[in-house]
Amino acid sequence: QLEDYTTQMDWESADWKQVEKILHSARKELYSYSPVDRGANKAVQKAFDGVMDHIQAKLEAEYKKNATAKEQLIEQVEKLCEQEDLNQAIDTVKRLQAQWKAIGRCSYKENESLWLTFRKHCDAVFQRKGEAVAHHKEALAENQSKAEEITKKIVALSKLEGDELYTARSEKDALVNAFSEIDELPRAKVKSLRSSLDAAVKAFELAISNQVKRSQMGAWDDFFRAGELLNSYQLAALKGEDASRADIDELLESTSRWPESGLATIKQRLDDIEQGIA
């Protein structure tokens, strides 16, 4: 799948957020298939590492290009701190901020550093005019409200159950991504807002884990129930009584999850019983 993806991808117009997501999910999915024999897995791991390195190299090149573009904006905004025409300087800062938003992603650490430098110079211009400072504070308050609302939504998702909880994983990922895209948060609130988000995400992942455990236990309950029905079916046949497999068929039809090899075991047992009856 990864090799096909790299071959078919138009890297000139790639969705780099999706590329990041694919790198993360591919690595997570590969390591979910465990345990495996280390010797037999060497070739697979080598091929996987090769295609992942290829995609990562494309991503790193995009990061570098975007970092260069942001450094150029930093040079421009720094010069505005000494510009005499304050209104023109503020208009230019707003235009540069819009350009910053349009630039793609860099690596997290580099982006944080670049953003802090860019914001410092922007703040220096805005602080020369009270109205601009007030506007900045208003934007921070709005961003804080967005961040808090995102966290509340993830908390609400973690309270879902069954298939609704499983299907909510993509929504949770979208919310986390939306949080990361918030341009700026109040400095005094950044730590607490991110801690709240982390706690909400952990609660969601725990809910998923618990749901998986409940599903697995339910699968074993259905498996043992099938065993009881098969025993009754076989016993009735041995006694020469009218043996019906209706309950067994109903259980097989209504159950979608079984322990590993459980369904095959039940069907084999049923075949063995019916061969004995015949």
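Quantities reported herein were computed from a predicted structural model and do not represent experimental measurements.

Trainee: Would you mind going over the packing of aromatic side chains in detail, with residue names and values included?
Mentor: All chains considered together, the criterion is met by five aromatic pairs. Aromatic side chains tryptophan 100 and tryptophan 115 sit 5.8 Å apart centroid to centroid with 55° between the ring planes, which places their arrangement in the tilted category. In this pair, tryptophan 100 is assigned in helix H4 (residues 86–102) and tryptophan 115 in helix H5 (residues 108–126), connecting sequence segments 15 residues apart. Three or more aromatic residues joined by ring pairs make a cluster, and in this case those are Tyr5, Trp11 and Trp16.

Trainee: Provide a residue-level description of the side chain of asparagine 143, including the pertinent values.
Mentor: Positionally, asparagine 143 belongs in helix H6 (residues 130–157). Overall, asparagine 143 belongs to the buried group, its relative accessible area being 13%. Residues in contact with asparagine 143, not counting those within four places in the same chain, are Ile182, Glu184 and Leu185.

Trainee: Outline the pattern of salt bridges, supporting the account with residue identities and numerical values.
Mentor: All chains considered together, the criterion is met by nine salt bridges. With its nearest N and O atoms 1.9 Å apart, the salt bridge here joins glutamate 181 to lysine 17. With glutamate 181 in the loop between helix H8 (169–180) and helix H9 (190–238) and lysine 17 in helix H2 (residues 16–32), this pair connects stretches of sequence that are 164 residues apart. On the basis of relative accessibility, which here comes to 34%, the residue glutamate 181 falls in the partly exposed class.

Trainee: Before we move on, could you go through the nonpolar core and cite the residues and values that matter?
Mentor: Formed by 20 residues in total, the largest nonpolar core has its most connected members in Val77, Leu80, Val93, Trp100, Phe118 and Val125. When residues of this core are traced back to their parent elements, those giving at least two are helix H3 (38–80), H4 and H5. Among residues more than four places away in sequence, those in contact with leucine 80 are Ala89, Thr92, Val93, Leu96, Val125 and Arg128. With 18 residues, the next largest nonpolar core counts Ile150, Ala168, Leu175 and Ala207 among its residues.

Trainee: Run through the packing of H2 against H3, naming residues and quoting values.
Mentor: Interhelical geometry of H2 versus H3 gives an angle of 160° and a closest axis separation of 11 Å. For the element pair H2 / H3, the angle class is roughly antiparallel. For the pair H2 and H3, the crossing hand works out as left-handed. Contacts between H2 and H3 involve Trp16, Val19, Glu20, Leu23, Ala26, Arg27, Leu30 and Tyr31 from the former and Gln45, Phe48, Met52, Ile55, Gln56, Lys58, Leu59, Glu62 and Tyr63 from the latter.

Reading guide: rules and limits
Residues numbered from 1 in each chain as written. Predicted model: local features only at pLDDT ≥ 70, side-chain atom pairs only at ≥ 80, totals over all residues. Heavy atoms only, no water. Phe/Tyr/Trp six-rings, centres within 6.5 Å; stacked < 30°, edge-to-face > 60°. Helix = DSSP H or I, 4+ residues; strand = E, 2+ residues; numbered from the N terminus. Buried < 20%, exposed > 50% of the residue type's maximum accessible area, 1.4 Å probe, protein only. Contact = heavy atoms within 4.5 Å. Salt bridge = Lys/Arg side-chain N within 4 Å of Asp/Glu carboxyl O. Core = buried A, V, L, I, M, F, W, Y, C linked by side-chain atoms within 4.5 Å. Axes fitted to C-alpha atoms, helices over the stretch in contact; angles between N-to-C directions. Parallel < 35°, antiparallel > 145°, perpendicular 65-115°, else oblique. Left-handed = near helix turned anticlockwise from the far one by under 90°.

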